[in-house]
Number of protein chains: 6
Amino acid sequence: MLLQLSTWQEIDVYLERSRGIVIPIGSTEQHGPNGLIGTDALCPETVARGMDDKIDIVVAPTLSIGMAQHHLGFSGSITLRPSTLIAVVRDVVQSLVRHGFERCYFLNGHGGNVATVNAAFSEIYADSSFNRQAGNEPGVRCRLGNWYDGHRVRALSRELFGGAEGSHATPSEVSLTFYAYPDAIKNTRMSPRIAPTGPILDAADYRRRFPDGRIGSDPSLATPEAGERLFHAAVEDAVEDYRRFLGAR
Amino acid sequence: MLLQLSTWQEIDVYLERSRGIVIPIGSTEQHGPNGLIGTDALCPETVARGMDDKIDIVVAPTLSIGMAQHHLGFSGSITLRPSTLIAVVRDVVQSLVRHGFERCYFLNGHGGNVATVNAAFSEIYADSSFNRQAGNEPGVRCRLGNWYDGHRVRALSRELFGGAEGSHATPSEVSLTFYAYPDAIKNTRMSPRIAPTGPILDAADYRRRFPDGRIGSDPSLATPEAGERLFHAAVEDAVEDYRRFLGAR
Amino acid sequence: MLLQLSTWQEIDVYLERSRGIVIPIGSTEQHGPNGLIGTDALCPETVARGMDDKIDIVVAPTLSIGMAQHHLGFSGSITLRPSTLIAVVRDVVQSLVRHGFERCYFLNGHGGNVATVNAAFSEIYADSSFNRQAGNEPGVRCRLGNWYDGHRVRALSRELFGGAEGSHATPSEVSLTFYAYPDAIKNTRMSPRIAPTGPILDAADYRRRFPDGRIGSDPSLATPEAGERLFHAAVEDAVEDYRRFLGAR
Amino acid sequence: MLLQLSTWQEIDVYLERSRGIVIPIGSTEQHGPNGLIGTDALCPETVARGMDDKIDIVVAPTLSIGMAQHHLGFSGSITLRPSTLIAVVRDVVQSLVRHGFERCYFLNGHGGNVATVNAAFSEIYADSSFNRQAGNEPGVRCRLGNWYDGHRVRALSRELFGGAEGSHATPSEVSLTFYAYPDAIKNTRMSPRIAPTGPILDAADYRRRFPDGRIGSDPSLATPEAGERLFHAAVEDAVEDYRRFLGAR
Amino acid sequence: MLLQLSTWQEIDVYLERSRGIVIPIGSTEQHGPNGLIGTDALCPETVARGMDDKIDIVVAPTLSIGMAQHHLGFSGSITLRPSTLIAVVRDVVQSLVRHGFERCYFLNGHGGNVATVNAAFSEIYADSSFNRQAGNEPGVRCRLGNWYDGHRVRALSRELFGGAEGSHATPSEVSLTFYAYPDAIKNTRMSPRIAPTGPILDAADYRRRFPDGRIGSDPSLATPEAGERLFHAAVEDAVEDYRRFLGAR
Amino acid sequence: MLLQLSTWQEIDVYLERSRGIVIPIGSTEQHGPNGLIGTDALCPETVARGMDDKIDIVVAPTLSIGMAQHHLGFSGSITLRPSTLIAVVRDVVQSLVRHGFERCYFLNGHGGNVATVNAAFSEIYADSSFNRQAGNEPGVRCRLGNWYDGHRVRALSRELFGGAEGSHATPSEVSLTFYAYPDAIKNTRMSPRIAPTGPILDAADYRRRFPDGRIGSDPSLATPEAGERLFHAAVEDAVEDYRRFLGAR
């Protein structure tokens, strides 16, 4: 069930049978010449809805703005400072804990979020760690799972795109959005075919290194058909990972 | 155009013809027995998409989590602290300014956001106000417009629901979500017919005063048909207000 | 009684008969050619002392610096950033709660404070709202009342100054300070007679729009006699509003 | 001239002949059985007005709430956290710098403010210190002067009260408020005659050590006549210190 | 050269031939029954001094307190909150940038620091990314290198300890401290031989899962001889990684 | 015992016999032509280890980066903003309190830290002061002792260097580092023999006033022999002060 489309009484009932929740988290940032600016938010949102079709979960609204400072050289990219994103994740988790949620699974679509969101989890845990009396509480447990990191998706990306996958504006993520948003498919030429690679620093440096926004990828290979296969693989990966998380002692 | 479904080059082109952007902002909080938890985010998102069908704008992804501390006594409600929301709005606006946007129109769906978002605007302006050299820059201008506050919507709500409109979980906003999300329509009994009214303080106090979450309203009157009429009125109101904002010297 | 002129034992005794306190809050900012920079702090301070002559209250020291970023283009204006003002209001309220105060009535003199102070109240309430165990505590209740917003003052301003009242450096507030500080009356010419109106953005923009600082007003109409009448109306309005606040369940 | 009783044009004119300003800063905290809660704010405010009668200065509104966490065990005491007070001082100084003020003299009435306000000055200076390009700017200079620390006041306190002066709720500061606020003179018995001494830690510890709030003092010796002499000594001390500060290269 | 044992003129001269600096960063936290609380700080400090014997670098003082909230259940462990550590790293880097350093290499000894320190780098980069005018500056570049992550160390750990290496209080890190601090070698029995594994959450949970502090390791295998070999491997790994970092375009 | 060279079980045992800890705190900043950049951290670290040889204490790792914004004009100087240093001290003390430490003795080597660290103590105490229920807890007590401020060291410095001691880059502190780090002794000419004196403001101003970094001192008089005598005096002073602190009721 989608949290946004539920009533509070429905959530009350859900909490009697489960303490888990899935929170899609992404980013709003350039994804090269044919990739959508929303790619990193739309992908985990799409996968989370696929999870919802298969298992009994609550899906929170997508946190669409992430840590994307390095993309600010390209129009339309929006970022939170890491310190802001930490505060957002902390407030969201503390709200959920208030209701009795104990397992917060952040389904992530953006590599640039990983460090900051994990730092946020530590900031949350630190509150109870500093407290000598906190020892006997069940407490909350958070996990960041990347939709693109499961073994099924990894294998399929390799099979579909091999060395053209790259690390930003990948044909896999672009395919997934083409599957989910077929009306938004763009046909754009890009050269070189495979984009350059390099380190990620600040926005001006990024734009100098990666003039059209891609890193190491050829997203002109993206197709909605590939996206559909990736979608199913990602849902299976995410369901498996979420179940493991929920079941862990 | 939706920012999430655009490429950075498309935004580059847009910026040559306009410096305005619409950012839906809402909340994720209980809305009584038949209102959706996402009501306050879904309404401005729906209206913003209606605006997009009529005029040439960019619509940013919806900021779905707002300031809803008083609803934390009801399962599923999520809040940002005011200080966190100020940081979020500041980072979003500063990102947009980086690209050349100069008019940031926040289309709001939640009364509880108004004070904090306006404080955030002042926090943003203060940065340039403290700067003696800032005098000659064009600068950014922000505006918070409530979708439910235009004269067309006000008149229609009055006509449709009169004294049963209330101030939280109103039949107007519930109708709008029923129109936009017909599959999520809930048929729930509630009593008393019209909910009590009173001041809004913290979460425990709120739950004591308003046991099922509504304030002063009878949302059992909500219908998708009313929602459709309200939708069209809201789009017209918002387009008018946005154009005035964009055109203001 | 004035908190500053009391001893702690006197406050102890007061707390046995009342849990309310009045905190004047204002701003230090330009008020046009003949308005005092302290206007927005001096007015609520004066009115609060008038309340103290009539009813049994404690009046805290005036918070004289408020949110006035837009006035920084005029010499002598001092502002707190919204985030700073939120911290100040939070610390003040938490101090008072420590002693058992439960109703904090901020008597305000500056429209620019309203959003930020209300955001501060939510920041304070959020502390208990995030706490699952907080449900049975009486808690604190805050209210921001504007001295210029009561029905007696509104009616009198309209009667005295009509369309020349405007919204900043108004003849009403200037009159009140002329009554309270007759030695500080300034006779200054200003033109145009009625100042322009427009939106409030950052400091440089404000100075361009409103070259002598006024918005929509003709404070050359201010007199100490009008100030005296406004004073009495404001005290009555404030006493009424404070009593309602204190008596509310 | 008092900033609050001036217009912005008057401050403009003043800035042509001086770049200095005096900001009284105090605290709102218990001062024993006969000392006023406002003592630490009223004293520097009174002395600053005495300075204003003698030399050409601008006196800012008094910052009446300081760092008084250790007094929270006594009703009526209000504190800012050190981090909040640092933000307040920073915002006030940055506002003044915006107008061209270059020497900010904080006339202080509370020992508990000293560490935090000096930390705030370093926070302000750090902004330009981190800036490689800042080398050629004149910059701002801040100084904290304690009204009770000049050689005239020190000598007079010793002469008047000797070993009964103590360090909190001293007969000197109580005398000064009795002189300035004769209607607020309290006649209260206290025992022991001279209060105990000891370290200052948190509020609960403070109340245990110093049950009536005094530290090492016998403020029953306070008289308005002593206050008058102390007032004149303090004004002379402060004028001397301010002039030295203004004239320093 | 060690920064602490140099004069500012020596650093001036160094900056003419290099813009790089090595900053050891660790943690102060329990390391099981025979591991030193300082292990994670002492290891990178030792390796950095080994680097200094081989190549021309400046080594900053070790940041000994890191992000160790999960160890607070064991006496002597000290942590910074992630938000504090971000501020520390930001201030350190901004100080170094002030002098012209452009490559800040953090040699890390604690896995728990990785997320937060990388978030700090993004916080630093964001400052210039938000700035439209920042495009032409060389800027600063930061890198976090873990002393235990180079290929030589990884291979040697595997060779020496195989499956007994584990992930906290490993025989490798304990060996390195035994080599560097032979007087501090502890002979402690521990059981089970190999500690359990599991997720890392807050302090109370950690202590329940890992009663003596170790995770998956048998540090009773640690020897100073192994430590010496690991030391040389780590220095070679770190020198290689640092040179690559310094030479990268 | 040094915390870094101990195990958590050793600290557990120590806590049964003492609740005190010594935390050396210094700075990393220029110390003139022959003074080491680490002087202010190395001195208290050296003295703390001397204490450890004489009495039963735990010595925490040295906090080597302090508040040194005014030295940023000289290469190699590193500072924390006051607000950052407050957060660091707070987190360190809260960590120690978690384990049962109740007396935190910060042995300081840098005058520039004094205000900020004392502000940090108040920030820590404020947490319990705001809490009405905190009254019966033993609580934590913090003290900042400067190694150079005891009566033995003061007398010896006067005897050894008289008017050439000055206030920054003093022959006393340079001597102590020469004694502790004989390999780092520098022979540098400097003129004038005794450096100028003046106020401390921001970094650019500091460099203009004190071109080689010294204030009022002639550190060319420093010798390791003097350093040895100062070391023994400082250890005695610090032991005495620590014992008084530990024993205070």
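Residues numbered from 1 in each chain as written. Chains lettered and ligands numbered in written order. Predicted model: local features only at pLDDT ≥ 70, side-chain atom pairs only at ≥ 80, totals over all residues. Heavy atoms only, no water.

Participant: So what's going on with the overall build of chain A? Residues and values would help.
Facilitator: If you tally the helices and strands in chain A, you get eight helices and three strands. Going residue by residue from the N terminus, the α and β elements of chain A occur as α-β-α-α-β-α-β-α-α-α-α. The C-alpha atoms of chain A give a radius of gyration of 19 Å, which matches the 18 Å a tight globule of 249 residues would have. Across its three principal directions, the C-alpha atoms of chain A cover 60 × 35 × 30 Å. Put simply, chain A has 249 residues, and 67% of those count as buried. When contacts within chain A are restricted to residue pairs at least 6 apart in sequence, those whose partners lie at least 24 apart make up 76%. (Helix = DSSP H or I, 4+ residues; strand = E, 2+ residues; numbered from the N terminus. Rg over C-alpha atoms; globule rule 2.2 N^0.38 Å. Buried < 20%, exposed > 50% of the residue type's maximum accessible area, 1.4 Å probe, protein only. Contact = heavy atoms within 4.5 Å.)

Participant: Quick one: what's the story with unusual backbone geometry, residue by residue and with numbers?
Facilitator: All names here are of chain A. Pro192 follows Ser191 through a cis peptide bond whose omega is 0 degrees. One non-glycine residue, Ala169, lies in the positive phi region at around 60 degrees. Tracing the backbone shows Ala169 in the loop between helix H5 (151–161) and helix H6 (171–180).

Participant: So what about the relation of the copies chain A and chain B? Which residues, and what values?
Facilitator: Each copy superposes on the other: chain A lies on chain B with an RMSD of 0.0 Å after a rotation of 180 degrees and an axial shift of 0.0 Å. The transformation just described matches what one would write down for a two-fold rotation axis. Minimal C-alpha separation from the rotation axis in chain A is found for A:Thr84, amounting to 3.4 Å. The overlap is high: 100% of the interface residues of chain A also sit at the interface in chain B, so the same surface is used on both sides. (Least-squares fit on C-alpha atoms with pLDDT ≥ 70 in both.)

Participant: Hey, could you go over the packing of aromatic side chains for me, with residue numbers and the actual values?
Facilitator: Any two aromatic rings considered together are summarised by their centre-to-centre distance and by the angle between their planes. By the definition in use, this model includes 54 aromatic pairs over all chains. On the basis of an interplanar angle of 45 degrees and a centroid distance of 5.4 Å, the ring pair of A:Phe106 and A:Phe121 is categorised as tilted. Of the two residues, A:Phe106 is situated in strand E2 (residues 103–108) and A:Phe121 in helix H4 (residues 114–129); the sequence distance between them amounts to 15 residues. The class for A:Phe106 is buried, based on a relative accessible area of 0%. When the centroid spacing of 4.8 Å and the interplanar angle of 65 degrees are considered together, the rings of E:Tyr206 and E:Phe210 count as edge-to-face. One aromatic cluster is present, built from ring pairs that chain together A:Trp8, B:Phe74, B:Tyr206 and B:Phe210. One Lys or Arg, C:Arg103, reaches over the ring of C:Phe245 and ends 6.0 Å from the middle of that ring. (Phe/Tyr/Trp six-rings, centres within 6.5 Å; stacked < 30°, edge-to-face > 60°. Lys NZ or Arg CZ within 6 Å of the ring centre and 35° of its normal.)

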